[in-house]
Amino acid sequence: VRLRGRSGAIGARVSISWREGELSRTAHRWLSSSTGFAGQDDGTIHFGLGSAPGYSRLRVDWPSGRVEHLPAGPADRRLTIREGRGVGPNKDHFT
């Protein structure tokens, strides 16, 4: 998930829910400006969904206070989410 906020996306929280067999799972990630010593984040958050074919819910809590809920979608793809405009064109898919 790549985030593009109106005033930057640093501090945004992405929550994703999916089913893995009989279990319901949810993961949360926060976008930060760095990932380690002298590191820099490119605005991308990665989620591993295990053997799940897709996710059932994706939520973005933007630093501005805006909250966006996105519909279910398949796994193994990249999403670009723009604040207030939702998901942009998906040109990159993993195979």
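Reading guide: rules and limits
Residue positions are counted from 1 within each chain, in the order its sequence is given. For this predicted model, a pLDDT threshold of at least 70 governs which residues receive local features, and a threshold of 80 or more governs which side-chain atom pairs are given and counted, while totals over whole chains, interfaces and linings are taken from all residues. Only hydrogens and water are removed before side-chain values are computed, so all heavy atoms of the structure are retained for them. Strands here are runs of E lasting at least two residues and helices are runs of H or I lasting at least four, both read from the DSSP assignment and numbered beginning at the N terminus. Burial classification: accessible surface area is computed with a 1.4 Å probe over protein chains only, and a residue below 20% of its type maximum counts as buried, one above 50% as exposed, and the rest as partly exposed. Between two residues, a contact is recorded if the distance between any of their heavy atoms is within 4.5 Å. Areas reported as accessible are Shrake-Rupley estimates using a 1.4 Å probe. Residue values count occlusion only from the protein chains shown. Criterion used throughout: strands pair if DSSP finds at least two bridges between them. Axis lines are fitted to C-alpha atoms, over the contacting stretch for helices. Their N-to-C directions set the angle, which ranges from 0 to 180 degrees.

Draft legend 1. Region of the structure containing the overall build of the chain. When helices and strands are tallied, the chain shows zero helices and nine strands. Expressed as a percentage of its 95 residues, the buried residues of the chain come to 35%. Intrachain contacts of the chain at a sequence separation of at least 6 include 40% that bridge at least 24 residues. Surface exposure of the chain reaches about 6100 Å², of which carbon and sulfur atoms provide 48%.

Draft legend 2. Region of interest: the sheet that holds strand S1 (residues 2-4). The strand order across the open sheet built from three strands is S1-S8-S9, with neighbouring strands paired in mixed fashion. Edge positions in the sheet fall to S1 and strand S9 (86-87), since each of these pairs with one other strand and no more. Bridge count for strand S8 (residues 80-82) against S9 is two bridges, and the pairing is antiparallel. In the strand pairing of S9, arginine 82 is matched with glycine 86.

Draft legend 3. Spotlight on the pairing of strand S3 (residues 23-30). Two elements, strand S2 (residues 13-20) and S3, share eight bridges in a ladder whose sense is antiparallel. The partner of isoleucine 16 across the bridge, within S3, is alanine 27. The antiparallel hairpin formed by S2 and S3 contains two residues in its connecting segment, where glycine 21 sits at a positive phi of about 65°.

Draft legend 4. Structural context of the sheet that holds strand S6 (residues 67-70). Strand order in this open sheet of four strands is S3-S2-S5-S6, and the pairing throughout is antiparallel. Each end of this open sheet is capped by a strand with a single partner; those strands are S3 and S6. Taking each pair of neighbouring strands and ignoring which way they run, the sheet shows an average axis angle of 15°. Two strands pair when backbone bridges link them, and S2 and strand S5 (residues 57-61) are joined in this way by five bridges, in the antiparallel orientation. Paired with serine 17 across the bridge in S5 is arginine 57.

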